[in-house]
Each structure stands twice: as C-alpha cells, then as structure tokens.
Amino acid sequence: VSVLNRQRMMMDFLSVLKKNSDEIAHILTTEQGKTLPDAKGDVFRGQEVVEHCQSVGSLMMGETIENLASGVDTYSYRHPLGVCAGICPFNFPAMIPLWMFPLALTTGNTYVLKPSEKVPLSAMRLVELTQEAGFPKGILNIVHGGKQTVDNICDHPDIKAVSFVGGNQAGEYIYQKASESNKR
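Residues numbered from 1 in each chain as written. Predicted model: local features only at pLDDT ≥ 70, side-chain atom pairs only at ≥ 80, totals over all residues. Heavy atoms only, no water.

## Focus on the overall build of the protein
A tally of regular secondary structure across the protein gives eight helices and six strands. When the elements of the protein are put in sequence order from the N terminus, they spell out α-α-α-α-β-β-β-α-β-α-β-α-β-α. Relative to its length of 184 residues, the protein is compact, with a C-alpha radius of gyration of 18 Å against a globular reference of 16 Å. Expressed as lengths along the three principal axes of its C-alpha atoms, the size of the protein is roughly 65 × 35 × 30 Å. When the 184 residues of the protein are sorted by exposure, 43% land in the buried category. (Helix = DSSP H or I, 4+ residues; strand = E, 2+ residues; numbered from the N terminus. Rg over C-alpha atoms; globule rule 2.2 N^0.38 Å. Buried < 20%, exposed > 50% of the residue type's maximum accessible area, 1.4 Å probe, protein only.)

Right, here's the structure in full:
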C-alpha cells in the first residue's frame, strides 16, 4: 500500500475519530477518572498526531548526496520495519496510543498495541474506530495483560521495535528486555 493511500486511511480515521471524540472522552472519564474537559484534551492531543500523519509522505523520502567524497555518493532509503509494538500507561489511555499507532501504520508498519491493563477501554474503542474507518484487518492488533504480555512483546522475534511511555523503572526494564532481542 502506497504512502499516499496510508495517508488517506488516516484521513478517514481522523474523520471517524472526530465524530466519536466525545464518546471516547466519556469512556476515558469513566475508566480513568479524569474530568471530562481533561479527557477531551487527551483525545484532542491524540488527534493532532493523526492530523500530522497527513504530512508523513514528505518525511518518508530518502536522501541522496552526490560527490560526498571523491567518487563517493550516498543514498538513504526509508523502509518500514515490519511489526512494531506500543506499551501504554494508565494516565493517558487515548492520547498515548494515538501518539503511537497512527505514525507506525502511516509509515508502513503493522502494530501491536498493549494498553494499560487498568484502563483498556479507550484503546479498545480506538482500535474499533480504525475498523470503522476501513483499515485492513490485521494491521493493528491489541493485546492485554501485565508483565507477561510485556515480556512476550519484548521477546517475540517478529516484533522489530517497541515504543513505551511510562515510569522510569518500567521503561528501564522494557529497554533492557527489548534490547536483548535487538529491538529498536
């Protein structure tokens, strides 16, 4: 699927997301306890990343430098990594997933999203909205659980990169564990 088609997918997702933003904010308020204005801000800040996905095409271009040195040219290409994963915290259950999977998908990767086991409903609804927006099945998957699920993500040989937002102790653990499997 071309970058332009992936950008169009994100345009469709953004439309569905905006239509359902109040519902997501209410889910977030119910499951996490934020005030409704704070929950709406959480969703809005995530929407901004989805909006940014509209410009990813220019960021995906490689670079060429001719005559870098005598008889030396350099070329860089940007290719998708493959399967990427995101491990999300409890305190921003909509914003952080929206910071993670839209960019990964727009750049051509597939994604495994692990929301906090304490507040999974917002992330689950976001994944449902991608289906409503027409995303192909299987490009965005959600898994649930605690430490064992995190370990499985970090150890799985098909997952090439792990993104994490959260506390230092968990971050250091995930960094160490994922690094052992040569993940980015």
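## Here's the deal with the pattern of salt bridges
Counted by the stated rule, this structure contains nine salt bridges. The closest approach of N and O atoms between Glu117 and Lys114, which form a salt bridge, is 3.2 Å. In this structure, the salt-bridge partner of Asp151 is Lys147, at a minimum N-O distance of 2.8 Å. On the criterion of helical spacing, the pair formed by Asp151 and Lys147 is a turn pair, its members being four residues apart in helix H7 (residues 147-155). Using a relative accessible area of 8% as the deciding quantity, one classes Asp151 as buried. Judged by its relative accessible area of 54%, Lys147 falls in the exposed class. Taken together, the shared-partner salt bridges connect Glu23, Arg125, Glu128 and Glu132 into one network. (Salt bridge = Lys/Arg side-chain N within 4 Å of Asp/Glu carboxyl O.)

## A short note on H7
Every buried residue of H7 is accounted for by Thr149, Val150, Asp151, Ile153 and Cys154. Along its buried surface, H7 packs onto strand S3 (83-87), strand S4 (110-114), strand S6 (159-164) and helix H8 (168-180). (Contact = heavy atoms within 4.5 Å.)

## What about the packing of helix H5 (residues 95-106) against helix H6 (residues 121-132)?
Their axes nearest at 10 Å, the elements H5 and H6 cross at an angle of 35 degrees. As for how H5 packs across H6, the hand of that crossing is right-handed. Within the contact between the two elements, H5 uses Pro97, Leu98 and Phe101 and H6 uses Ala123, Leu126 and Thr130. A class-by-class count of the residues in the contact of H5 with H6 yields five nonpolar, one polar and no charged. (Axes fitted to C-alpha atoms, helices over the stretch in contact; angles between N-to-C directions. Left-handed = near helix turned anticlockwise from the far one by under 90°. Nonpolar A, V, L, I, M, F, W, Y, C, P; charged D, E, K, R; others polar.)

## Thoughts on the confidence of the model for the protein
It should be kept in mind that the predicted coordinates are not to be read in detail where pLDDT is low. A residue-level look at the protein finds 100% of positions with pLDDT of 70 or above and a mean pLDDT of 95. Mean pLDDT values for the elements of the protein range from 84 in helix H4 (residues 56-59) up to 98 in S4. (pLDDT = per-residue confidence, 0-100.)

## A few points about the sheet that holds S3
Strands sit in the order S5-S4-S3-S6 across an open sheet of four strands; the sheet is parallel. Only two strands of the sheet have a single partner each, and these edge strands are strand S5 (140-142) and S6. Going across the sheet, the axis of each strand differs from the next one's by a mean of 20 degrees, ignoring polarity. Where S3 and S6 come together, five bridges link them in parallel fashion. Each residue of the ladder has a partner; that of Gly86, found in S6, is Ser163. (Pairing = 2+ DSSP bridges.)

## Examining the packing of aromatic side chains
Inspection of every chain in the model, using the stated rule, returns two aromatic pairs. Summarising the aromatic geometry, the rings of Phe13 and Phe101 are spaced 5.8 Å apart at their centres and angled 55 degrees between planes, so their arrangement reads as tilted. Pair noted here: Phe13 is in helix H1 (residues 3-19) and Phe101 is in helix H5, with a separation of 88 residues, a long-range link. Assessed through its relative accessible area of 0%, Phe101 is described here as buried. Grouping aromatic residues by their ring pairs yields a cluster made of Phe13, Phe101 and Phe135. The ring of Phe90 has Lys118 lying over it, and the distance from NZ or CZ to the ring centre is 5.3 Å. (Phe/Tyr/Trp six-rings, centres within 6.5 Å; stacked < 30°, edge-to-face > 60°. Lys NZ or Arg CZ within 6 Å of the ring centre and 35° of its normal.)

## Looking at the packing of H1 against H6
Two elements in contact, H1 and H6, have axes separated by 9 Å at closest approach and are oriented at 125 degrees. Here H1 is positioned oblique relative to H6, judged by the angle of their axes. Read as a crossing pair, H1 and H6 show a hand that is right-handed. Listed contacts from H6 to Phe13, Val16 and Leu17 of H1 are Leu126, Leu129, Thr130 and Glu132. (Parallel < 35°, antiparallel > 145°, perpendicular 65-115°, else oblique.)

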